[in-house]
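Structure at a glance
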Amino acid sequence: MIDAQRLHDFNQSKQAEHGLRLGYLTDLLSRRGIDAQEVIRKLVQFQVAIPSWALGTGGTRFGRFPLGGEPRNLEEKIQDIGLLNQLNGSSNSLSLHIPWDIPSDVAAIEQRLREQQLVIDSVNSNTFQDQKEQAYSYKFGSLCHTEQGVREQAIQHNIECVRYGEQLGAKTHTVWLADGSNFPGQQHFRRAYQRTQESLAAIYEALPSDWTMLIEYKPYEPNFYSMIIPDWGTSYSLCQQLGKQAQVLVDLGHHLPNTNIEQIVGRLLHFGRLGGFHFNGSMYGDDDLTTGSMKPFQLFLIFNELVDGAQDSAVNNPAVAYMIDASHNTKDPLEDLLQSVDNILGAYAKALLVDRTALAELQQNNDVVRAEELLRDAFLTDVRPLVQEAYRQAGGALNPVAAYRTAAVREQLIQQRGKLSLSTGL
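Note that the structure is a prediction, hence the values are computed from the model and not measured.

Across the sheet, eight strands lie side by side as 1-2-3-4-6-8-9-10; this open sheet has parallel pairing. The open sheet is flanked by strand 1 (50-51) and strand 10 (321-324), the only strands paired with a single partner. In this sheet, strand 3 (residues 119-124) lies alongside strand 2 (residues 93-97) in parallel orientation, the contact comprising five bridges. Bridge pairing in strand 3 places Ser95 opposite Ser122.

Looking at the element boundaries, Asp101 is found in the loop between strand 2 and helix 4 (106-116). Here Ser52 takes part through its side chain, which lies 2.4 Å from a polar atom of the side chain of Asp101. Of note is the side chain of Asp101, whose polar atom sits 2.8 Å from the side chain of Lys77. Residues within four places of Asp101 in sequence aside, it is in contact with Ser52, Leu74, Lys77 and Leu96.

On the UniProt side, "domain: Xylose isomerase-like TIM barrel" (unreviewed entry) is annotated at positions that read residues 103-288 here. Annotated as 38% helix and 17% strand, the span residues 103-288 places its first and last C-alpha atoms 27 Å apart.

Turning next to the packing of helix 9 (residues 296-310) against helix 12 (residues 368-379). Here helix 9 crosses helix 12 at 110 degrees, and the two axes come no closer than 11 Å. Regarding the angle of helix 9 to helix 12, the classification is roughly perpendicular. Only Leu375, Ala378 and Phe379 of helix 12 make contact with helix 9, whose side of the interface consists of Pro296, Phe297, Phe300, Leu301 and Asn304. Taken together, the residues of the contact of helix 9 with helix 12 sort by class into seven nonpolar, one polar and no charged.

This part is about a nonpolar patch on the surface. Together, Met283, Tyr284 and Met294 line one region of the surface with nonpolar side chains, adding up to about 350 Å² of accessible area. Residue position: Met283 is located in the loop between strand 9 (274-279) and helix 9. Judged by its relative accessible area of 42%, Met283 is partly exposed.

On to unusual backbone geometry, then. Residue Pro99 follows Ile98 across a cis peptide bond; omega there is 20 degrees. Mapped onto the secondary structure, Pro99 falls in the loop between strand 2 and helix 4. Along the chain, Glu221 connects to Pro222 via a cis peptide bond; the corresponding omega equals 10 degrees. Within the secondary structure, Pro222 sits in the loop between strand 6 (212-216) and strand 7 (226-227). For Asn366, which is not glycine, the phi dihedral falls at a positive 55 degrees.

Here is what the cut-offs are and how they apply
Residues numbered from 1 in each chain as written. Predicted model: local features only at pLDDT ≥ 70, side-chain atom pairs only at ≥ 80, totals over all residues. Heavy atoms only, no water. Pairing = 2+ DSSP bridges. Helix = DSSP H or I, 4+ residues; strand = E, 2+ residues; numbered from the N terminus. Polar contact = N/O pair within 3.5 Å; in protein donor to acceptor, adjacent residues only side chain to side chain. Contact = heavy atoms within 4.5 Å. UniProt positions renumbered as here; feature names shortened; annotations may be inferred. Axes fitted to C-alpha atoms, helices over the stretch in contact; angles between N-to-C directions. Parallel < 35°, antiparallel > 145°, perpendicular 65-115°, else oblique. Nonpolar A, V, L, I, M, F, W, Y, C, P; charged D, E, K, R; others polar. Patch = residues over 30% accessible without salt bridge, like charges linked within 9 Å, V, L, I, M, F, W, Y side chains within 5 Å. Areas by Shrake-Rupley, 256 points an atom, 1.4 Å probe, with all protein chains shown as cover. Salt bridge = Lys/Arg side-chain N within 4 Å of Asp/Glu carboxyl O. Buried < 20%, exposed > 50% of the residue type's maximum accessible area, 1.4 Å probe, protein only.

Right, dumping it as structure tokens:
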């Protein structure tokens, strides 16, 4: 989508100022005993998956405002994610949502993926809405439903998702349930949980031995009285019953206001059950805003726990799968995704600056002020030159959003796909 020479010329126009800022920060960090190049190397290695459903404009219950040029099929979604990865070098995988992303030609999809240097990260099931061809409705639940036929339909859908994923080289299956109740007395809590556990066990039994099942939780929405898996503890308990291939998935928007998410991350790392992250931003609830746009300090504190766990030999947790899960009603979706990746890498870079040995000593000595100041110093460090250099070393743009606009990518997409094109999915 963007010519390599044009990308090179864009970087050259920014190189002088970038070199000055990077040189200053490199020297500053060196004085603190931090190797800037090592931080950059870790940033280059970091990858966050892009979900197929985030490439088009989202909406609310009241309206949707498409901007045109949206991907109309899986092939065009691969093209868009390839563009994102070209710009930042940090988005080399995509997550599929079934039934919207069922590959009609597996060989052709694999060829597209190779051309864009992408892989399929995971597959996601959908039992939160009815499809035209299905025999039973999910109005009153899916895996927890009182009727065996409904549960079996939902189980088979999840197994089909895994089979599609196998065809394309995925290794992760994500389960999020909209199951719950809106009114007191509507649902028997213990029996509904038991039915859910049994349904998940049937899906788990069909999981390939080298796959991971991620179980997502959410305290409310679409049901507002109770949700089958409302919190990390419920998800954890289900994983414990299923087996080692089941892990908890943390979505940053799936928490009640002011929840200490970083503590949840630390606890799950301690248990070895942190399987994945869905990044977004939240002000009031599950707002699906740009990652880091609302609570950047909390995002940093979350990465502080992730880095701490990665560097602690006592932590036995599998590799964490990272993905952005956002909705875009007023922004260009591709620009929003580029912003989210930028904020994620920035939070990660700041967490890499924390002196873990010094922090552990301060915590051991109960020096509250100095421990907090140590974290604040890392958080307030302007790490943008490190992130930009990581983009450049990965073959991307020093400023991905600016490069995207300079190349008039959205205008090109509208010319190719039309002003009224709508992305498949949500």
